[in-house]
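This is what each chain is made of:
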Amino acid sequence: MANRRAVGESAANARVPAEPRRPAFHAALYRPLRALPRVALLTTLSVALSVTLSAAFSGCHDGNAPTAQAAQLPQVSVMHPESREVREQLDLTGSVAPSATVTLVARVQGVLREIGFTDGANVKQGQLLFRIEPDTYRAQLVYDQASLDNADQELKRQKELTSDNATSESSLQKAQTTRDQALAKRDMSRINLGYTEIRAPFAGRIGARAFDVGNVVGGSDSTKLATLDRIQPVYVNFTLNERDANRIGLFTRAPRTVRVNLIGAKPEQGEDAALEFVDTRVDPASGAIKLRADIANRDTHLIPGMSVEVHIPVSEPQKVLLVPETALLREQAGASVLVVNAGGVIEKRGVTTGSLYGSLRAIKSGLGPADRVVTGGGLAVAPGVKVQTVDAVAQGRS
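What this report covers is the structure whose coordinates are included nearby. Since this is a predicted model, take the numbers as computed values, not measurements. (Residues numbered from 1 in each chain as written. Predicted model: local features only at pLDDT ≥ 70, side-chain atom pairs only at ≥ 80, totals over all residues. Heavy atoms only, no water.)

## What about the side chain of Arg361?
Step number 1: Looking at the element boundaries, Arg361 is found in strand β20 (residues 360–365).
Step number 2: Polar side-chain contacts of Arg361 include one of 2.9 Å to the side chain of Glu325.
Step number 3: A polar contact is formed between the side chain of Arg361 and the backbone oxygen of Gly354, at a distance of 2.8 Å.
Step number 4: Discounting chain neighbours no more than four positions away, the residues touching Arg361 are Leu321, Leu322, Val323, Glu325, Leu328, Arg330, Thr353, Gly354, Ser355 and Leu356. (Helix = DSSP H or I, 4+ residues; strand = E, 2+ residues; numbered from the N terminus. Polar contact = N/O pair within 3.5 Å; in protein donor to acceptor, adjacent residues only side chain to side chain. Contact = heavy atoms within 4.5 Å.)

## Describing the environment of Thr239
Step number 1: Along the chain, Thr239 falls in strand β10 (residues 224–241).
Step number 2: Residue class for Thr239 comes out partly exposed when judged on its relative accessible area of 44%.
Step number 3: On a C-alpha basis, the gap between Thr239 and Val282 in space is 9.9 Å, while along the polypeptide they are 43 residues apart.
Step number 4: Setting aside its immediate chain neighbours within four residues, Thr239 contacts Leu92, Ala288, Ile289, Lys290 and Leu291. (Buried < 20%, exposed > 50% of the residue type's maximum accessible area, 1.4 Å probe, protein only.)

## Structural notes on the sheet that holds strand β6 (residues 128–132)
As a general point, the strands of a sheet are linked pairwise by backbone hydrogen bonds and lie either parallel or antiparallel.
Step number 1: Spatial strand order, β7-β6-β4-β9: four strands in an open sheet with antiparallel pairing. Sheet topology places β7 (197–199) and β9 (216–217) at the edges, where each strand pairs with a single neighbour.
Step number 2: By the bridge criterion, three bridges tie β6 to β7 in an arrangement that is antiparallel. The partner of Phe130 across the bridge, within β7, is Ile198. (Pairing = 2+ DSSP bridges.)

## Topic: the sheet that holds strand β19 (residues 352–357)
Step number 1: In space, the four strands of this open sheet follow the order β2-β15-β20-β19, with antiparallel pairing throughout. The two strands at the open ends of the sheet, each matched to only one other strand, are β2 (82–86) and β19. When strand polarity is set aside, the average angle formed by the axes of neighbouring strands in this sheet is 45°.
Step number 2: Here strand β15 (residues 318–324) runs beside β20; their pairing, made up of four bridges, is antiparallel. Across the sheet, Leu321 pairs through a bridge with Ile363, a residue of β20. (Axes fitted to C-alpha atoms, helices over the stretch in contact; angles between N-to-C directions.)

## Points about the layout of surface pockets
If a probe the size of a water molecule is rolled over the atoms, the empty space left behind becomes visible.
Step number 1: Within this model, the largest pocket holds a volume of roughly 470 Å³.
Step number 2: For the largest pocket, the lining is made up of 20 residues, of which Gln89, Arg259, Pro267, His311 and Tyr357 are closest to its centre.
Step number 3: Counting only elements with at least two residues in the lining of the largest pocket, the list comes to β2, β3 (89–105), β11 (257–262), β14 (307–313) and β19.
Step number 4: By volume, the second largest pocket is sized at about 200 Å³.
Step number 5: Of the residues in the lining of the second largest pocket, the class split is five nonpolar, two polar and five charged. (1 Å grid on protein atoms, 1.4 Å probe; cavity = no way out; pocket = protein on both sides within 12 Å on 5 of 7 lines; lining within 4 Å. Points joined across faces, edges and corners; volume = space filled by probe spheres on them. Nonpolar A, V, L, I, M, F, W, Y, C, P; charged D, E, K, R; others polar.)

## Overview of the nonpolar core
Step number 1: Of all hydrophobic cores here, the largest spans 23 residues; its most connected members are Val236, Phe238, Leu240, Leu250, Val310 and Ile312.
Step number 2: At the level of secondary structure, the elements contributing two or more residues to this core comprise β3, β10, β11, β12 (271–278), β13 (288–295) and β14.
Step number 3: Of all hydrophobic cores here, the second largest spans 22 residues; its members include Ala100, Ala106, Val123 and Tyr137. (Core = buried A, V, L, I, M, F, W, Y, C linked by side-chain atoms within 4.5 Å.)

## Some thoughts on helix α5 (residues 169–195)
Step number 1: Spanning 27 residues, α5 covers 40 Å between terminal C-alpha atoms, matching the ideal 39 Å at 1.5 Å per step.
Step number 2: All of the buried residues in α5 are Leu172, Ala175, Ala182, Arg186, Ser189 and Leu193. (Expected span 1.5 Å × (residues − 1).)

## Concerning the pattern of salt bridges
Step number 1: One pass over the structure, following the stated rule, counts 20 salt bridges.
Step number 2: As a salt-bridge pair, Arg138 and Asp135 come within 3.5 Å of each other at their nearest N and O atoms. You can see Arg138 and its partner Asp135 sitting in helix α4 (residues 135–163), three residues apart, about one turn around the helix.
Step number 3: Here Arg138 falls in the partly exposed class, since its relative accessible area comes to 41%.
Step number 4: The salt bridge involving Asp244 is made with Arg243; its shortest N-O contact spans 3.6 Å.
Step number 5: Relative accessible area serves as the criterion here: at 8%, Asp244 is assigned to the buried category.
Step number 6: Overlapping salt bridges bring together Glu114, Arg131, Glu197 and Arg199 as one network. (Salt bridge = Lys/Arg side-chain N within 4 Å of Asp/Glu carboxyl O.)

## With respect to the packing of aromatic side chains
Step number 1: Using the criterion set out here, one finds one aromatic pair in the structure.
Step number 2: Between Phe117 and Phe130 the ring centres are 5.3 Å apart and the planes differ by 80°, which places this aromatic pair in the edge-to-face class. Here Phe130 lies in strand β6 and Phe117 lies in the loop between β4 (110–115) and β5 (122–123), a separation of 13 residues in the sequence. Judged on exposure class, the residue Phe117 and its partner Phe130 are both buried.
Step number 3: In this arrangement the basic side chain of Arg230 is found over the ring face of Phe202, its NZ or CZ atom lying 5.3 Å from the centre.
Step number 4: Positioned above the aromatic ring of Tyr235 is the side chain of Arg292, whose terminal nitrogen or guanidinium carbon lies 4.3 Å from the ring centre. (Phe/Tyr/Trp six-rings, centres within 6.5 Å; stacked < 30°, edge-to-face > 60°. Lys NZ or Arg CZ within 6 Å of the ring centre and 35° of its normal.)

## Focus: the packing of α4 against α5
Step number 1: Closest axis-to-axis distance for the α4/α5 pair is 8 Å, and the angle between their directions is 160°. Judged by the angle between their axes, α4 and α5 are roughly antiparallel. The element α4 and its partner α5 pack so that their crossing is left-handed.
Step number 2: Its residues placed into classes, the contact of α4 with α5 shows 10 nonpolar, 10 polar and 10 charged. (Parallel < 35°, antiparallel > 145°, perpendicular 65-115°, else oblique. Left-handed = near helix turned anticlockwise from the far one by under 90°.)

## Notes on the environment of Pro313
Step number 1: Relative to the assigned elements, Pro313 resides in strand β14.
Step number 2: On the accessibility criterion, Pro313 (30% relative accessible area) is partly exposed.
Step number 3: In this structure, the C-alpha to C-alpha distance between Pro313 and Pro255, residues 58 residues apart in sequence, is 8.0 Å.
Step number 4: Excluding anything up to four places from it in sequence, Pro313 contacts Arg87, Glu88, Gln89, Ile248 and Thr257.

Right under this line is the structure:
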């Protein structure tokens, strides 16, 4: 009987797992909870969990709410309109042309013996550019000079005989004609010999040669060898419509100078040019009149065929507000800009624009000096949206 009891206790002990051993502090923590009833225990744990979660959410909303809200706002760059004293002007486009151009051609036939320049180089006035074989033309000149000498002697002899009544008047006239013909032929040979050397008629820039040494040139009347352009000074050709011509008083008090700039260059990089030609009539087909300005082009940065900006002053200097051209919105209803009001909300403001000064556009009406104009990030926002603002000047420096 005692053995059965021992076996039963062993089996019971095997079925019930032993309670894991906990550290002393763990047992001390849970000892009071064991003493509570099951319902009271669950209520206590629920209250503790609720208090913990409430404290956590309360801390998040109280400490980080403004930061999280600001981080969700779109960011735009803004700037105040720039106030500057400028002169209203007409902005036109012109093209550069050489002040003189010449096509160099071979006026006598022969083998090209020498080229005295490099393609695209600047040449001086009188510089030798081409030499065609001169030997044939030099020999012809010597022959014709000898014929002229003989004709001179015969004319002299006929004059002496005429004075002695030893010859007829017709013989004297024939000798005179022969001598004149010999003189003309000698002069033509001298001219042809001069044509074997082609020199620069003025200083300028020469283009690419059309023939190399060894080629026969001058076989036709239009054997073009190269083109020479004078680019100091250069001309700037442009047109002006009739309305703007009357606006600036072109036909009564035409401006003496215009401002010429490379396309996209800063205003201070421009150069003054003298308005030296105004056409005598308005083209009835286009309603425009042709004008031409003369610019020194001292550093030869302007070359023929280049497009340039031409600015003609219209008014006396006056203060205007300027904003970047890229900040303007162009629509069928007119120009507008996005501004940020005092509440940090985007507004769309219609404006009246004026002339362009470099990359800045003059604003005649619609903006004040204190307005904050959106210059960056405007594509991601719309009127009525609240935004964060960053100073455009400070952002450019950083």
